[in-house]
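Residues per chain, in single letters:
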Amino acid sequence: MLDPVSQDTILFEVSYTTIEFAFGRAKSIQEVEERFRDYMDLIQKKLGEVNHAVVGSGIHPYRDKNDNQPVAYERYQMLMNYLKLSRTVLGPDLHDYPEYGAFICGSQVQLDVSKSNYLRVINAFNQIEAAKAFLFANSEFSGEDWDTKISRDIFWEESIHGIYAENVGVNARLFKDENDFFDYLDHSAIFTAEHDGQTYYFHPIQARDYLTTPEIQAFTLNGDEVLIYPREKDFETHRSYQYQDLTTRGTVEFRSVCTQPLDRTFASAAFHLGLLVHLDKLEAYLRTAPFFTTAGRDYKLLRRQFSKKQLTDEEETTVLEFSKDLLTLAEEGLEKRNKQEMVYLEPLKKKLGL
């Protein structure tokens with residue numbers, strides 16, 4: 001459902017058991033929250049009639065009981081079929097939950113960037129994933145004995161999406177310049193193409209090798225094998241799954257946060273927005289942050305380390321101080337905007353004992 005005025009869209013995300021609210025552009029968080037409340041009041045009332053409800057969780061609480069089939073939409077059907085290729089792929093150890101797209105849920109925010117600052121934004125936010133893991137973890141998985149509160153990371157990284165590490169998650173390094181960034185994106189994976197109205201999928205091919213591949217053994221949605229020939233146009237439907245993702249809309253999309261409990265739905269948006277306003281201060285802080293002196297700067301590893309179910313006392317103290325510093329910066333950024341958005345940070349302040 002699309003509202004032509006606000007451009008808000010409400011849709012099923014991959015499966016019929018996950019509902020997505022995709023909001024149009026807004027100038028303040030309050031604008032979005034007000035519309036969200038209106039939608040939710042109606043939807044919860046309707047769902048309540050059949051003993052259902054929307055809940056704020058990074059993993060669907062009934063994922064093992066649901067029918068996790070994809071929505072009758074070619075893109076989602078293709079995605080589910082593609083993920084099942086992991087069962088035939090020789091590669092790193094992959095998990096056996098190719099249907100995970102039907103039951104993991106995220107809270108994503110997109111903020112406007114410019115050509116002059118987008119790389120700074122990507123680099124800065126890539127460095128704070130450990131604190132975000134600590135603040136926003138909400139996807140423990142009961143199906144496996146994984147020592148993490150963010151199983152979404154494992155589902156992404158240890159699926160066929162993660163065959164090439166550059167395709168998913170936290171960026172392994174900070175980018176020196178635009179060329180370095182595009183070289184990294186060149187290592188992301190293409191796995192689908194639309195030719196003559198048909199959607200195809202195939203084993204992942206790195207972007208840099210795609211156009212020089214003479215022909216590709218692909219699959220139709222029915223699983224039939226066909227040969228297709230790469231076209232430049234295929235890049236129009238290409239997307240990678242980095243947690244700091246530059247979009248064609250002139251935004252950076254932050255994708256690493258689990259869906260949050262409903263009473264803190266907008267905490268993540270406020271956190272990111274406040275820090276973006278204070279980008280200069282954020283960069284200056286990150287250059288000398290005590291956290292990195294103690295924990296090092298392997299950003300992928302840090303996210304996994306600080307999303308563990310049980311942290312050591314030292315780890316807890318270190319990440320707590322890091323998170324407090326970032327939260328202070330975010331609050332200052334929101335105060336500078338002067339739109340009374342600081343209230344959305346209250347749940348995080350409470351969590352950190354501030």
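For clarity, every value in this text was computed on a predicted model and none was experimentally measured.

Observations regarding the overall build of the protein chain
- Along the protein chain, the regular secondary structure elements total 13 helices and 11 strands.
- Relative to its length of 354 residues, the protein chain is compact, with a C-alpha radius of gyration of 21 Å against a globular reference of 20 Å.
- If you line up the protein chain on its principal axes, its C-alpha atoms span 60 × 55 × 45 Å.
- Here the contacts in the protein chain between residues at least 6 apart in sequence split such that 67% fall between residues at least 24 apart.
- Surface summary for the protein chain: the accessible area is close to 17,600 Å², and the carbon and sulfur share equals 50%.
- Between the centroid of the 40 positive side chains of the protein chain and the centroid of its 57 negative side chains there is a distance of 4 Å.

Brief notes about helix α1 (residues 29-48)
- Its 20 residues place the ends of α1 27 Å apart at the C-alpha level, agreeing with the 28 Å of an ideal helix rising 1.5 Å per residue.
- Among all positions in α1, only I29, V32, R35, F36, Y39, M40 and I43 are buried. What you see down the axis of α1 is that its buried residues fit within an arc of 140°, all on one side. Every exposed residue of α1 that faces more than 90 degrees away from the buried side is listed here: E34, D41, L42 and K45.
- Here the buried face of α1 lies against β1 (9-12), β2 (19-22) and α8 (267-277).

Observations concerning the pattern of salt bridges
- Applying the stated criterion across every chain, the model contains 25 salt bridges.
- In this structure, R255 engages D245 in a salt bridge whose closest nitrogen and oxygen atoms are separated by 3.5 Å. Here the residue R255 occupies a position in the loop between β11 (251-254) and α8, and D245 occupies one in strand β10 (residues 244-246), the gap between them amounting to 10 residues.
- Residue classification places R255 among the buried residues on the basis of a relative accessible area of 8%.
- With a relative accessible area of 10%, D245 lands in the buried category.
- Across the salt bridge formed by E346 and K349, the nearest N and O atoms sit 3.8 Å from each other. Of this pair, E346 and K349 both sit in helix α13 (residues 346-351), separated by 3 residues, roughly a single helical turn.
- Exposure remark for K349: the relative accessible area of 17% places this residue in the buried category.
- Through salt bridges with shared partners, a single network forms among E129, K132, D153 and R303.

Description of the nonpolar core
- Among the nonpolar cores identified, the biggest contains 84 residues, and F155, F271, L282 and F322 are the most heavily contacted of them.
- Grouped together as the second largest cluster of nonpolar side chains are 9 residues, I190, A193, Y200 and I216 included.

Observations regarding the sheet that holds strand β3 (residues 109-112)
- Sheet architecture is open: 3 strands sit in the order β3-β11-β10, paired in antiparallel fashion. Bordering the open sheet on either side are β3 and β10, each of which pairs with just one other strand. Neighbour-to-neighbour, the strand axes of this sheet turn through a mean angle of 25°, independent of strand direction.
- Strand direction decides the pairing type here: β10 and β11, joined by 3 bridges, are antiparallel. Paired with D245 across the strands is E253, a residue of β11.

Remarks on the packing of helix α4 (residues 129-136) against helix α12 (residues 313-337)
- It is the contact of α4 with α12, at a shortest axis distance of 9 Å, that shows an interaxial angle of 95°. When the axes of α4 and α12 are compared, the pair comes out roughly perpendicular. Taking contact as the criterion, the partners of A130, A131, F134 and L135 in α4 are, on α12, E316, V319, L320, F322, S323 and L326.
- Residues of the contact of α4 with α12, tallied by class, amount to 8 nonpolar, 1 polar and 1 charged.

Side note on the packing of aromatic side chains
- As enumerated under the stated definition, the model contains 35 aromatic pairs in all.
- Judged by centre distance (5.6 Å) and plane angle (80°), the rings of F36 and F266 are edge-to-face. One end of the pair, F36, is in helix α1; the other, F266, is in the loop between β11 and α8, and 230 residues separate them in sequence. Like F36, the residue F266 is buried in the burial classification.
- Centre to centre, the rings of F141 and F155 are 5.0 Å apart; their planes meet at 85°, and the pair counts as edge-to-face. Pair noted here: F141 is in the loop between α4 and α5 (151-157) and F155 is in helix α5, with a separation of 14 residues, a long-range link.
- An aromatic cluster of three or more residues is present, and its members are Y97, Y100, F103, F141, W146, F155, W156 and Y241.
- R297 extends its terminal NZ or CZ atom over the ring of F292, reaching a point 3.9 Å from the ring centre.
- Its end group placed over the ring of F134, K351 keeps NZ or CZ at 5.4 Å from the ring centre.

Observations concerning the side chain of Q206
- With respect to the element layout, Q206 can be found in strand β6 (residues 198-206).
- Classification of Q206 as buried rests on a relative accessible area of 8%.
- In this structure Q206 touches Y164, E166, D186, H187, S188 and A189, once residues within four positions along its chain are discounted.

Basis of the calculations
Residues numbered from 1 in each chain as written. Predicted model: local features only at pLDDT ≥ 70, side-chain atom pairs only at ≥ 80, totals over all residues. Heavy atoms only, no water. Helix = DSSP H or I, 4+ residues; strand = E, 2+ residues; numbered from the N terminus. Rg over C-alpha atoms; globule rule 2.2 N^0.38 Å. Contact = heavy atoms within 4.5 Å. Areas by Shrake-Rupley, 256 points an atom, 1.4 Å probe, with all protein chains shown as cover. Lys, Arg positive; Asp, Glu negative; His and termini not counted. Charge placed at Lys NZ, Arg CZ, Asp CG, Glu CD. Expected span 1.5 Å × (residues − 1). Buried < 20%, exposed > 50% of the residue type's maximum accessible area, 1.4 Å probe, protein only. Arc of directions from axis to C-beta. Salt bridge = Lys/Arg side-chain N within 4 Å of Asp/Glu carboxyl O. Core = buried A, V, L, I, M, F, W, Y, C linked by side-chain atoms within 4.5 Å. Pairing = 2+ DSSP bridges. Axes fitted to C-alpha atoms, helices over the stretch in contact; angles between N-to-C directions. Parallel < 35°, antiparallel > 145°, perpendicular 65-115°, else oblique. Nonpolar A, V, L, I, M, F, W, Y, C, P; charged D, E, K, R; others polar. Phe/Tyr/Trp six-rings, centres within 6.5 Å; stacked < 30°, edge-to-face > 60°. Lys NZ or Arg CZ within 6 Å of the ring centre and 35° of its normal.

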